[in-house]
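Below are the chains, spelled out letter by letter.
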Amino acid sequence: MSAVWRKSSRSNAGDNTECVEIAVDGSAARIRDSKGRADATVAAPAWGSFLAMVKGEDQFRR
């Protein structure tokens, strides 16, 4: 099955040519820069922790 990539809502350049994209399949998140098609894979629990930290959830504040 082919990955379904979504563009970050924070990556809107004026011309929409440079963005960060993510594909999540349940067990991992794949992240790539739209300029280069190589991607990095992050395990789902680590991706969830990263998102919680970015959103500022209290359990991750120190």
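Residues numbered from 1 in each chain as written. Predicted model: local features only at pLDDT ≥ 70, side-chain atom pairs only at ≥ 80, totals over all residues. Heavy atoms only, no water.

Is there a simple way to think about the overall build of the protein chain in this case?
If you tally the helices and strands in the protein chain, you get one helix and four strands. In the protein chain, the order of α-helices and β-strands from amino to carboxyl end is β-β-β-β-α. Carbon and sulfur atoms make up 52% of the accessible area of the protein chain, which amounts to about 4900 Å² in all. (Helix = DSSP H or I, 4+ residues; strand = E, 2+ residues; numbered from the N terminus. Areas by Shrake-Rupley, 256 points an atom, 1.4 Å probe, with all protein chains shown as cover.)

It is not clear to me how the sheet that holds strand E4 (residues 39-43) should be interpreted in this structure. Could you clarify?
As summarised here, the arrangement of the four strands in space is E1-E2-E3-E4, forming an open sheet in which the pairing is antiparallel. The sheet is open, and its two edges are formed by strand E1 (6-7) and E4, each paired on a single side. (Pairing = 2+ DSSP bridges.)

Would you explain the packing of aromatic side chains in this entry?
Enumeration over the complete set of coordinates arrives at one aromatic pair. The cationic tip of Arg32 hangs over the ring face of Trp5; the distance from NZ or CZ to the ring centre is 3.9 Å. (Phe/Tyr/Trp six-rings, centres within 6.5 Å; stacked < 30°, edge-to-face > 60°. Lys NZ or Arg CZ within 6 Å of the ring centre and 35° of its normal.)

Explanation requested: the environment of Lys7 in the structure shown.
With respect to the helices and strands, the residue Lys7 is situated in strand E1. The sequence separation of Lys7 and Ile22 amounts to 15 residues, and the corresponding C-alpha distance is 6.6 Å.

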